[in-house]
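So the chains spell out like this:
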Amino acid sequence: MDPREREDQRDDDLHHRLALGDRQAFEELYRRYSPAAFGLAYRVTGQELLAQDVVHDSFLALWKAPEAFDPARGTFRTFFLSLVHHRAVDTVRREERLRRRSLRVNPGGPEDEDVTEDVVEDAWLQDRRARVVAALGCLPREQREVLELAYFGGYTQARIAESLGIPLGTVKTRTLAALRKLQGMLKERDE
Amino acid sequence: MRTDHESVQELLGAYALHALDAKEGERAERLVASHLPECSECREDFEAFQAVSGELALAAGGRRPPRILGARLRREVKSSRGRRLASAVLSAVAVLILIALAGWSAHLSTRVSDAEARQAKTREFLATVSHPLSHVVPLATARQSSVEAEAQLAATYVPGAGTLYLFVSLPAPRSDRVYQVWVLRDGRFESAGTFRPDRGQVIFKINADVDEITGLLVTVEPTEGSPSPSAEHVVTASF
């Protein structure tokens, strides 16, 4: 079995155990994914305490409703980090209603993030991260800009269009093109 | 030239990135619910967009969370009742099992083949259920499983006896599927065998001491069984 498949299988086994109420499985999933989840939540919210709440709520939701993950529809990693992202975006939009933010992608970009010094993470996850960062770096600047504002900034496409002064249709087209390119590049790198 | 298909793709892509406002998000949700089940192309694209969205998360960079967060979660998980089942003796369930078993035994008499072996298993099972130290544990069907409404399940064992019986009343799976029983031992799932219910009912013998296993899982698998559990959980229980 290829190392990536082995890690995905390991996640599936842990998830099965989690569904049985196994606290050790929860502990192991927390060890595996809390740095990635916290890194993501911090990048989107830009605030330590908000990021903590997002990660806390995401792991607790996983513990309380493990059946929300269906292995037939993708990997556990994708499911869980997507859950974290959704919560982080909801949080930042709620906060934005309280105070206006300038349009920016929160600090801590992939280029300047030191992922090894302060983070205890499995090597396979760092390897996957390096591949995504490299693929992201290959996107044309204008595609990368809309993708990062949406994903890491938590902005809606309508808000991005308004702030960049470009038509909404252009934001949509660039986003779709970016997603397709990333999909192709990540697939190539997996092969 | 833009096509409807491209508009759908744009919407699905933005939805996978959580980049839609509430109104557009609802439109995407309706599309996912109504269009995707019948359009394999859009379904595959959407799954691919979701996978890219999940991978993008890693590009945020890892960051070690404060210890207080892990401690808080551990405390909450420990105190939550979760899905753990009480392993108390539940006499009402035991009676239900015996009543169901009586019906099962009655129809056995009309099936000569395998009858002796089955009756021997029935005697063992009854001896376990009626043992003064026996535990009968009702088992929960997995939420959202296809058999949720119809299933009746329980496990019974005598501590230290090295045998666990699973009493199962389940609808027949598809003709190319079987139920597979898994025990969780030392953090790993081991197959305990497969079965198809006989007129809806089965007594399944598992050679394991309940002290050695921490959980039980029943899944739906292809006829030949699987090396690891599928996603289709029917029963989950922890001991």
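### A few points about the overall build of chain A
Check the secondary structure of chain A and you find eight helices and zero strands. By the burial criterion, 47% of the 191 residues in chain A qualify as buried. Taking the intrachain contacts of chain A between residues at least 6 apart in sequence as the baseline, contacts between residues at least 24 apart amount to 69%.

### A short note on the overall build of chain B
A tally of helices and strands in chain B yields six helices and nine strands. Taking all 239 residues of chain B together, the buried fraction comes to 36%. For chain B, the share of sequence-separated contacts (at least 6 apart) that also reach a separation of at least 24 residues comes to 59%.

### Details of the packing of helix 3 (residues 48-64) of chain A against helix 4 (residues 67-79) of chain B
Where helix 3 of chain A contacts helix 4 of chain B, the two axes come as close as 10 Å, and the packing angle between them is 30°. With respect to their mutual orientation, helix 3 of chain A and helix 4 of chain B come out roughly parallel. You can see that helix 3 of chain A and helix 4 of chain B cross each other, and the crossing is right-handed. Residue-level inspection shows A:Gln52, A:Val55, A:His56, A:Phe59, A:Leu60 and A:Trp63 of helix 3 of chain A in contact with helix 4 of chain B, the latter providing B:Leu69, B:Arg72, B:Leu73, B:Glu76 and B:Val77. In terms of residue class, the contact of helix 3 of chain A with helix 4 of chain B is built from seven nonpolar, two polar and two charged.

### Some thoughts on the interface of chain A and chain B
Each partner contributes to the interface: chain A provides 66 residues, whereas chain B provides 55 residues. Sorting the residues of the side of chain A that touches chain B by element identifies helix 1 (3-19), helix 2 (23-45), helix 3, helix 4 (76-98), helix 5 (123-137), helix 6 (141-151), helix 7 (157-164) and helix 8 (168-190) of chain A as the ones contributing at least two each. Among the elements that take part in the side of chain A that touches chain B, helix 2 of chain A stands out by supplying twelve residues, more than any other.

### Some remarks on the nonpolar core
Membership of the largest hydrophobic core comes to 99 residues, with the highest contact counts inside it found for A:Ala37, A:Leu40, A:Ala41, A:Val84, A:Ala150, B:Ala155 and B:Leu166. The element contributing the most residues to this core is helix 2 of chain A, with twelve residues.

### Concerning unusual backbone geometry
Positive phi, normally seen in glycine, also occurs at B:His18, with a value near 60°. Within the secondary structure, B:His18 is located in the loop between helix 1 (4-16) and helix 2 (22-34).

### Description of the confidence of the model for chain A
Interpretation of this model should avoid reading the predicted coordinates in detail wherever pLDDT is low. All names here are of chain A. Per-residue confidence for chain A gives a mean pLDDT of 85; residues scoring 70 or more make up 85%. Element-level mean pLDDT values for chain A span from 86 in helix 1 up to 95 in helix 6. pLDDT under 50 marks residues 109-119. Its contacts with residues more than four places away, or in other chains, come to 16 contacts.

### Regarding the pairing of strand 8 (residues 215-222) of chain B
Residue and element names in this part refer to chain B. With seven of its eight residues buried, strand 8 lies for the most part within the structure. In the sheet, strand 5 (residues 177-185) pairs with strand 8 via eight bridges, with the strands oriented antiparallel. From the neighbouring strand, Trp182 faces strand 8, where its bridge partner is Leu217.

### Here's the deal with the packing of helix 2 of chain A against helix 3 of chain A
All names here are of chain A. The N-to-C vectors of helix 2 and helix 3 enclose an angle of 140°; their axes lie 9 Å apart at closest approach. The angle between the axes of helix 2 and helix 3 places the two elements in the oblique class. As helix 2 runs across helix 3, the sense of the crossing is right-handed. Judged by residue contacts, Phe26, Tyr30, Ser34, Ala37, Phe38, Ala41, Tyr42 and Thr45 of helix 2 engage Glu48, Leu50, Ala51, Val54, Val55, Ser58, Phe59 and Trp63 from helix 3. Looking at the contact of helix 2 with helix 3 residue by residue, the class counts come to twelve nonpolar, three polar and one charged.

Parameters and conventions
- Residues numbered from 1 in each chain as written.
- Chains lettered and ligands numbered in written order.
- Predicted model: local features only at pLDDT ≥ 70, side-chain atom pairs only at ≥ 80, totals over all residues.
- Helix = DSSP H or I, 4+ residues; strand = E, 2+ residues; numbered from the N terminus.
- Buried ≥ 20, exposed ≤ 12 C-beta atoms within 10 Å, placed from the backbone.
- Contact = placed C-beta atoms within 7 Å.
- Axes fitted to C-alpha atoms, helices over the stretch in contact; angles between N-to-C directions.
- Parallel < 35°, antiparallel > 145°, perpendicular 65-115°, else oblique.
- Left-handed = near helix turned anticlockwise from the far one by under 90°.
- Nonpolar A, V, L, I, M, F, W, Y, C, P; charged D, E, K, R; others polar.
- Core = buried A, V, L, I, M, F, W, Y, C linked by C-beta atoms within 7 Å.
- pLDDT = per-residue confidence, 0-100.
- Pairing = 2+ DSSP bridges.

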